[in-house]
Each structure stands twice: as C-alpha cells, then as structure tokens.
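Architecture at a glance
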Amino acid sequence: MGSWRADDVVQMNKLLEEYNRFSPHVKIQFKPTNPSDYNATLRLQLDSGTGPDLMYARSYATGQELFDAGYFADCTDIPGLMTNFTATNLAPWQTSDGKMFAVPFAAVSHAVYYNKDIFAKEGLSIPTTWEEFLQLCATLKTKGYTPLANGLADEWDILECFFLGMLPNYIGGATERVKYETEKKS
C-alpha cells in the first residue's frame, strides 16, 4: 500500500495486523513515501509497472488524473460507498460524471492560529463568523501586520490543506473550485 503518510506507519501496521487476522491469505505491506515526493514517485512507479496494488489517492484533479490514465479502478459500485458518505465527503474522489476513483478513508481538520500578543496589543478579539474574520484580516493589514501566513516547507501542503481543503468552503463549494482548477475563474 503506497501512501504519503510516512508518519502513519505504526497505526497502519496495527490496522493491517487486524485485517490479516480476518484475511490471512492476503498480505498488505504499508510502504509510504516522503510526502513531497509522493505524487512524482507514485506516477513513476505506476508508469513503469512497479507501483503498489493499493495506494492513497490525492483528492480532486491530482487523483482524477491517475483515474483517467487507468491506474485507479472505478469504485462507484462498492457496496455502501454512495450511501454511507455525504456528497461533501465523496466530492474529492468523484469525477464530474459521478464516478468514484477512490474511497474516503480519513478526514483532516484545519485550524488558523493567532498571535495572542498582537491581539492583546491591538485590542482585537477572536472572530466568530467568516465576515468577522475577513474584517479582522483587513484591520490587521491596516495596522501593518501580515494577516495570514503559511509556514510550509513543501508546496503539496498548501495545495492539499488550503486550496483543496479550506478554500472550497468559501468560494462556493466543489463546483466553484473546479472553475479555479480549470482556469475558468481566478
């Protein structure tokens, strides 16, 4: 099983041990790749015929590209898939014609941290709505602060965490996100 989640080795091996108790004839080895190398490594492995039998799929366009190339199976008819997940949970793994190229496996939580010292110095309070958040960012900017910053060492983080994770919630959902991906909206 290929993955970019190198920090999940212990947890995945526990899950696979449990799986092997019920399916002793199937042996799955968890072999993750360094996160920033995963896309390129996986594609090289798949193109050369040495790729994993099971793999973590990147969401949206990155995963769909591998599906379109024939590397992912159509998962649409897996029993329970379409009925046990919400449309929002399915969307990252679904083509525009409704085919599923992967199965949701885990969820990610996102957070925005703030500098308590700056808030105290400027007399600011934590926003409770999106509109308040935008106003707070504008206020911080007028006071000479950079309202938002992302400390990312690898560019895949910003794509996965912000653009494909948080941004769709604020631009009109998955259909609007697709417009950004296809350069119909900027």
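Residues numbered from 1 in each chain as written. Predicted model: local features only at pLDDT ≥ 70, side-chain atom pairs only at ≥ 80, totals over all residues. Heavy atoms only, no water.

1. Some remarks on the overall build of the protein chain
In terms of helices and strands, the protein chain carries ten helices and two strands. Listing the helices and strands of the protein chain from first to last along the sequence gives β-α-β-α-α-α-α-α-α-α-α-α. Put simply, the protein chain has 186 residues, and 27% of those count as buried. Taking the contacts inside the protein chain whose residues are at least 6 apart along the sequence as the reference set, 48% of them involve residues at least 24 apart. Counting only carbon and sulfur atoms, one obtains 54% of the accessible surface of the protein chain, whose full area is about 12700 Å². (Helix = DSSP H or I, 4+ residues; strand = E, 2+ residues; numbered from the N terminus. Buried < 20%, exposed > 50% of the residue type's maximum accessible area, 1.4 Å probe, protein only. Contact = heavy atoms within 4.5 Å. Areas by Shrake-Rupley, 256 points an atom, 1.4 Å probe, with all protein chains shown as cover.)

2. A closer look at helix α3 (residues 60-68)
Buried within α3 are the following residues: Tyr60, Gly63, Leu66 and Phe67. The buried residues of α3 all sit within an arc of 140° when viewed along its axis, so they share a single face. Positive backbone phi, at 90°, marks Gly70, one or two positions downstream of α3. (Arc of directions from axis to C-beta.)

3. Observations regarding the packing of aromatic side chains
Summed over all chains, the structure comprises seven aromatic pairs. Pairing Tyr56 with Phe105 gives two aromatic rings, centres 5.6 Å apart and planes at 55°, and the pair type is tilted. Of this pair, Tyr56 sits in the loop between α2 (38-48) and α3 while Phe105 sits in the loop between α5 (87-90) and α6 (116-122); the two residues are 49 residues apart in sequence, bridging distant segments of the chain. Note on Tyr56: relative accessible area 12%, which makes it buried. (Phe/Tyr/Trp six-rings, centres within 6.5 Å; stacked < 30°, edge-to-face > 60°.)

4. Quick look at the confidence of the model for the protein chain
Of the residues in the protein chain, 83% have a pLDDT of 70 or more, and the chain-wide mean is 86. The weakest mean pLDDT in the protein chain belongs to helix α8 (residues 155-166) at 62; the strongest belongs to α6 at 96. (pLDDT = per-residue confidence, 0-100.)

5. Description of the pattern of salt bridges
Under the counting rule described, the total for this entry stands at six salt bridges. Two residues, Glu65 and Arg43, come together in a salt bridge whose shortest N-O distance is 3.0 Å. With Glu65 in helix α3 and Arg43 in helix α2, the pair connects residues that are 22 residues apart, well separated along the chain. For Arg43, a relative accessible area of 26% translates into the label partly exposed. (Salt bridge = Lys/Arg side-chain N within 4 Å of Asp/Glu carboxyl O.)

6. Some words on the packing of α2 against α3
At a minimum axis distance of 12 Å, the contact between α2 and α3 shows a crossing angle of 5°. Between α2 and α3, the angle is such that the two are roughly parallel. For the pair α2 and α3, contact is made by Asn39, Leu42, Arg43 and Leu46 and by Thr62, Glu65 and Leu66, respectively. Grouping the constituent residues of the contact of α2 with α3 by class yields three nonpolar, two polar and two charged. (Axes fitted to C-alpha atoms, helices over the stretch in contact; angles between N-to-C directions. Parallel < 35°, antiparallel > 145°, perpendicular 65-115°, else oblique. Nonpolar A, V, L, I, M, F, W, Y, C, P; charged D, E, K, R; others polar.)

7. Brief notes about unusual backbone geometry
With a phi close to 55°, Tyr60 is a non-glycine residue in the positive phi region. As for its position among the elements, Tyr60 is in helix α3. For Tyr60, a relative accessible area of 11% gives the class buried.

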